[in-house]
Structure formats: C-alpha cells, structure tokens
Amino acid sequence: TPAETVRIVDTHDWRTSFLSGHNDAVLAVAACDEYVASASKDRTAKVWRETSGRWDLMSTLEGHVDSVGAVALGKKGDELVCATASKDRTLKLWQDGQCTSSTIAHDKDINDVALSPGCVVVASCSSDRTAKLWDIRSGSCIETFTVPELPGVVHTVSMSPSHDSVLMVCSDGMGGVPALWDVSA
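Residues numbered from 1 in each chain as written. Predicted model: local features only at pLDDT ≥ 70, side-chain atom pairs only at ≥ 80, totals over all residues. Heavy atoms only, no water.

*Asks:* When you look at the overall build of the protein chain in this model, what are you seeing that I'm missing?
*Replies:* Within the protein chain one finds zero helices and 17 strands. Of all intrachain contacts in the protein chain linking residues separated by at least 6 positions in sequence, the fraction that spans at least 24 positions is 31%. With an accessible surface of roughly 9,200 Å², the protein chain has 48% of that area assigned to carbon and sulfur atoms. (Helix = DSSP H or I, 4+ residues; strand = E, 2+ residues; numbered from the N terminus. Contact = heavy atoms within 4.5 Å. Areas by Shrake-Rupley, 256 points an atom, 1.4 Å probe, with all protein chains shown as cover.)

Right, dumping it as structure tokens:
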C-alpha cells in the first residue's frame, strides 16, 4: 500500500478498503462513527464517509502551509467537527468542510490533537513542551500546561471519554512517565 493511501480493514469480514487521494505520505488518521479523517505531508486533511460499504470523499481540508501531522474527529450534536494541526504551528477547527478557527497555537511543531466529548474543547500538544486546551466556540486558549520534567517533547494527548470531566494525558513518547491532569469542567 502506498504511503499516500489509507487502508481500512473491516474486522467483521476482513474486507479491506483503500482510500486514495493524498499526494504525499499519510501521517495520522482519526475515526468517528462512519467517518474517517486522514492527515498528510501534502498539507491537507481529508474526511471520508462510509455508506453501505462504500467510502466517499466528503471534503479536502486545505489551508496549512506545512505537513498536517495530527487530526481528530468528533460529533457536536449531528455536526461533524474536525481538528487539524501542523508543523506550521497552527491549529485549525473545521465544520462541514469549512475552517471555523485558525490560530498559531504553539511555538514549535504541534504533535497531536484530541477533541473532548461533545466537541466543546480541543487539546493540543507540541514540541515546545506544552499542552493546551482550546475553547472550540471562541478558538481561544483556556489553559496551558508546561511539562518541564519530561526529558523530551510532548508527543501525544488524549481526552477522557467521560462526559462529566476532561482528562488529558501527555507523554514524552520516549518511555517517560505520562503527565496526567484532571481538568474537570
């Protein structure tokens, strides 16, 4: 499979689907219900939808000026929300294929993004050794977490599936101890 292609395997019948459309390596994928998003070195993200066993390209998200290395998908009611992050240090939020917010979020590459349940908050983490929480409605930074005790950069961030609290986990990706914050709403 070329690096530009997303491979999806249905674990019920082991049927394989290939999603083509990127012009360079796919760096990250995310899934939510019948949707899959892919992020690529070609500076785009793509959102795909599965209907009756067939995958259709719903939108190509353009606007980053460097590789898109992180993507997250979630639902806010019936609306699909996508967050993308790039080596260009920008965090972008998308609804219905349109960019609703774009901000220079960190001082270095953004390594990962995650959406909270209900898509109220997006978390990002970076090579600048910080993790941040962002309000989806306003696009403004709610809180910044500095991780000076980790020996490397912050590579991953995830949000709790719980609807009554948001937990954020960041790790240096080098075998260090993950940092865990309870940022209950």
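*Asks:* Help me understand the layout of surface pockets, please; the structure alone is not making it clear to me.
*Replies:* Remark: the empty space left among the atoms is shown by a probe the size of a water molecule rolled over them. By volume, the largest pocket is sized at about 200 Å³. Around the largest pocket sit 14 residues that line it, and V47, S59, L80, D96 and G97 are the ones nearest its centre. Tallied by class, the residues present in the lining of the largest pocket amount to eight nonpolar, three polar and three charged. (1 Å grid on protein atoms, 1.4 Å probe; cavity = no way out; pocket = protein on both sides within 12 Å on 5 of 7 lines; lining within 4 Å. Points joined across faces, edges and corners; volume = space filled by probe spheres on them. Nonpolar A, V, L, I, M, F, W, Y, C, P; charged D, E, K, R; others polar.)

*Asks:* Before we go on, may I ask you to explain the sheet that holds strand β6 (residues 54–62) in this structure?
*Replies:* By definition, the strands of a sheet pair up through backbone hydrogen bonds, in either a parallel or an antiparallel sense. Strand order in the open sheet formed by four strands is β3-β4-β5-β6, and the pairing between neighbours is antiparallel. For this open sheet the edge positions go to β3 (26–32) and β6, each flanked by a neighbour on one side alone. The mean inter-strand angle of the sheet, taken between neighbouring strand axes irrespective of direction, is 20°. (Pairing = 2+ DSSP bridges. Axes fitted to C-alpha atoms, helices over the stretch in contact; angles between N-to-C directions.)

*Asks:* Just checking my understanding: could you explain empty space enclosed by the protein for this structure?
*Replies:* Tallied over the full model, the rule gives one cavity of 30 Å³ or more. Along its surface, the largest cavity is lined by L91, L93, S101, T103, V122, W134 and G139. The residue makeup of the lining of the largest cavity, split by class, is four nonpolar, three polar and no charged.

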